[in-house]
Amino acid sequence: MFIRELYDTILNQPRDQHEELLLARKDEIISRLNNDYMRPWFGRKTDGRVVDLEEMTYTEVIGRAVELMYITHQRQWTHESHYQIVIDFAKRCECRMSRHVPEVLMIVMLGDIDPTEYADFVGGMYPEAATTTLLSEDAEFFKMLCKRRRQKPPMFMVDIGKDFGTLIQKDSIWPSEHLEAVVGQDPQRVGIQQGPVAARYSTVVDEPVKTILDDIYHKHIAALTERLYGGDESRIPVVEYLGADPVAVDLPGSVTVHYSETERVFVLPENTNQFPGTEVWLQAVAGPCKSWLQAWLAAPVVLQGTKYTENKLRRLLQPRPGRTVSIRVIDGIPQILEVVSANGLLEFKLEYSDGVITQSVFQPAVVSIATLRQTFAYTPASFLTPISHLEEHDAECIRKFITETWVDNSDEAIEFQDVTDPNVVLYNNGITITESHIRAFCQNVGNYSQCYTSRIGGVMHAPMDYVYISGSPNALRFLLSTAIGDGQLAIVHFTNTVELTANAQLLQVGDKLQTAVELSGIINQESGKVITILGSVSVRGKLIASIKS
């Protein structure tokens, strides 16, 4: 804890040494105050820069004081004495800036406007106040106002001096009772204080914090049980999870619905204009009773390790033309959910068993159907995140799924081939261009150039796209390798660059392309890893192109 650290390293030293020791760690202390403590550092410019009080203008001081001592959403001051600090400094500002006695004092007019507008109002009346930094005597005057006797200590630190150790802990119980006065109403900034009331009930020596908090938790439950159910725990209702009850919805007539005791089936129309609203549709799929499916579709996020991630199930179950969703039910609880496309292919499946949900996503591949299988845990006691992602073997499943989806290997079973050495160069056995492959490729990409669809002079040429295609499998091996790490589902492809050599000839049927691919660099950035892959392509032993991806 910040305060404990200060006491152990500085404040336990003789008082006359405090200021010197504090100034030696000034930047670190100011940073900790702003990040962790209930009393932040006062000095700050309008652009956010942290400064000393003497570097602020008069309007910046007034604006910062209002920011830290006026609770905007409650439209009240943290304490009436804090309002007086602002008014007294505004008087000082007017005395400093005015060249004659005004007919109406500024502090009279301040009483009629919103405190959040004080700084702009003062700057409007006295433009120099917005550009002039505090004179040293005015800076000392403001510090004196903040340390004035018989007033509530303000919730900030204005300087690092000999009184720092006293001021930082002064009246420190009050913020824990008035969280609205703390910056951002952040409870993590406030320590649990051992005040006189708490000390009365502290009867155990060296009692662990967990025991104290658990005791509070159980006593609170006991008090609620006594008040609401007369102390009889058997009267407490049992629910599937804490959350709103499902709302009955009516789907439009365009959606075909079949209900039975063991199954619910929904068939969406082909016409997207006849789709139900997304929320109505998801509520209908979730069903009329609280269950793991209802909890998952209602949850805003899913817990993945220690991070909150997007709830992707809502996107996976979006209405699609002709899609069929079938849900098998046992005793009112969904057990299996299947999504079938309009052409009859199984797209998605959920299976529930003993608190574990298996999610399978199916994607047509060259040889068979690629399957991404992931598992999730259903924890109804967790209010915000009832669904958590179980990541064991997840990276391996993702690599296998992407391999099956993108690598063309129709002669044998598709398997993931790992690359553990980032310095290795990967060579392929050569891709031979065929006429049927050219026609299929051009049809898929919409390239209807005559030179690629018919023979000219007895020769059928191939698009130069084949240069990149030939190196794709080995480039993908690098991207999926353990040398790169995990996170392949979040890959974003930035650019491809293909440079042809000066004597490169047009590709044609029968050419055999041989490639060499290597990992050029991995750069860690805030947004993630930037991976660069280089490749070279040869035909009949002659280099024809280089690739950068």
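Residues numbered from 1 in each chain as written. Predicted model: local features only at pLDDT ≥ 70, side-chain atom pairs only at ≥ 80, totals over all residues. Heavy atoms only, no water.

Student: Account for helix H7 (residues 118-125), naming residues and giving values.
Tutor: Residues separated by three or four positions in an α-helix point in the same direction, a consequence of the helix having 3.6 residues per turn. Looking only at H7, the buried set comprises Tyr-118, Ala-119, Val-122 and Gly-123. Taken down its axis, H7 places every buried residue within 130 degrees of arc, on the same side. Of the residues in H7, the exposed ones pointing more than 90 degrees away from the buried face are Asp-120 and Gly-124. Close packing links the buried residues of H7 with helix H4 (58-69), strand S2 (76-77), helix H5 (80-97) and helix H6 (106-110). (Buried < 20%, exposed > 50% of the residue type's maximum accessible area, 1.4 Å probe, protein only. Helix = DSSP H or I, 4+ residues; strand = E, 2+ residues; numbered from the N terminus. Arc of directions from axis to C-beta. Contact = heavy atoms within 4.5 Å.)

Student: Can you break down unusual backbone geometry residue by residue, with the values?
Tutor: For Arg-75, which is not glycine, the phi dihedral falls at a positive 55 degrees. With respect to the secondary-structure elements, Arg-75 resides in the loop between strand S1 (70-71) and S2. In the Ramachandran plot, Asp-331 falls in the positive-phi region, its phi being about 55 degrees despite a non-glycine side chain.

Student: Mind laying out the packing of aromatic side chains, listing which residues take part and the relevant values?
Tutor: When we look at a pair of aromatic rings, we describe it by the centre distance and by the angle of the planes. Going through the model one piece at a time under the given rule, you end up with 13 aromatic pairs. Three or more aromatic residues link up through ring pairs in this structure, and these residues are Phe-42, Tyr-58, Phe-89, Phe-142 and Phe-156. The residue whose ring lies beneath Arg-92 is Phe-141, and the NZ or CZ to ring-centre distance is 4.5 Å. The ring of Tyr-241 is capped by Lys-290, whose NZ or CZ atom sits 5.1 Å from the centre of that ring. (Phe/Tyr/Trp six-rings, centres within 6.5 Å; stacked < 30°, edge-to-face > 60°. Lys NZ or Arg CZ within 6 Å of the ring centre and 35° of its normal.)

Student: Quick rundown of the confidence of the model for the protein chain? Include the residues and the values.
Tutor: For residues with low pLDDT, the predicted coordinates do not support detailed interpretation. For the protein chain, the mean per-residue pLDDT works out to 85, and 95% of the residues sit at or above 70. Note on residues 409-413: pLDDT is under 50 here. Beyond four places in sequence and across chains, it has five contacts. (pLDDT = per-residue confidence, 0-100.)

Student: Give me the lowdown on the side chain of Thr-59, citing residues and values where you can.
Tutor: The residue Thr-59 is located in helix H4 in this model. A polar contact is formed between the side chain of Thr-59 and the side chain of Thr-57, at a distance of 3.3 Å. Not counting residues within four places of it along the chain, the set of residues in contact with Thr-59 comprises Ala-119, Val-122, Gly-123, Ala-129 and Ala-130. (Polar contact = N/O pair within 3.5 Å; in protein donor to acceptor, adjacent residues only side chain to side chain.)

Student: Run through the side chain of Lys-143, naming residues and quoting values.
Tutor: Turning to its location among the elements, Lys-143 is positioned in helix H8 (residues 136-146). The exposure class assigned to Lys-143 is buried, which follows from its relative accessible area of 9%. When near neighbours in sequence (up to four residues on either side) are disregarded, Lys-143 contacts Leu-53, Glu-54, Val-158 and Asp-159.

Student: Tell me what's going on with the environment of Leu-21, and back it up with residues and numbers.
Tutor: Mapped onto the elements, Leu-21 comes out in helix H2 (residues 18-24). Here Leu-21 falls in the partly exposed class, since its relative accessible area comes to 29%. Between the alpha carbons of Leu-21 and Pro-334 there is a distance of 65 Å; along the sequence they are 313 residues apart. Residue contacts for Leu-21: discarding those within four places in its chain leaves Ile-10 and Gln-13.

Student: Let's hear about the state of the cysteines: which residues, and what values?
Tutor: For the structure shown, the criterion picks out zero disulfides. With no disulfide of its own, Cys-95 lies closest to Cys-93 among cysteine sulfurs, the gap being 9.2 Å. A residue is classified by how much of its surface remains accessible, and Cys-95, at 63% relative accessible area, is exposed. (Disulfide = S-S within 2.5 Å.)

Student: Talk me through empty space enclosed by the protein; I want residue IDs and the actual numbers.
Tutor: One pass over the full model with this rule turns up three cavities of 30 Å³ or more. Here the largest cavity defines a volume of roughly 100 Å³. Lining the largest cavity we find Arg-39, Cys-146, Lys-147, Pro-153, Pro-154, Phe-156, Met-157, Val-158, Asp-159, Leu-167 and Lys-170. The class makeup of the residues in the lining of the largest cavity is seven nonpolar, no polar and four charged. Put simply, the second largest cavity is a space of about 80 Å³. Forming the boundary of the second largest cavity are Tyr-468, Gly-471, Ser-472, Ala-475, Ala-516, Val-517, Ile-533, Leu-534, Gly-535, Ser-536, Ile-547 and Ser-549. Only helix H19 (465-479), strand S18 (512-525) and strand S19 (528-539) provide two or more residues apiece to the lining of the second largest cavity. (1 Å grid on protein atoms, 1.4 Å probe; cavity = no way out; pocket = protein on both sides within 12 Å on 5 of 7 lines; lining within 4 Å. Points joined across faces, edges and corners; volume = space filled by probe spheres on them. Nonpolar A, V, L, I, M, F, W, Y, C, P; charged D, E, K, R; others polar.)

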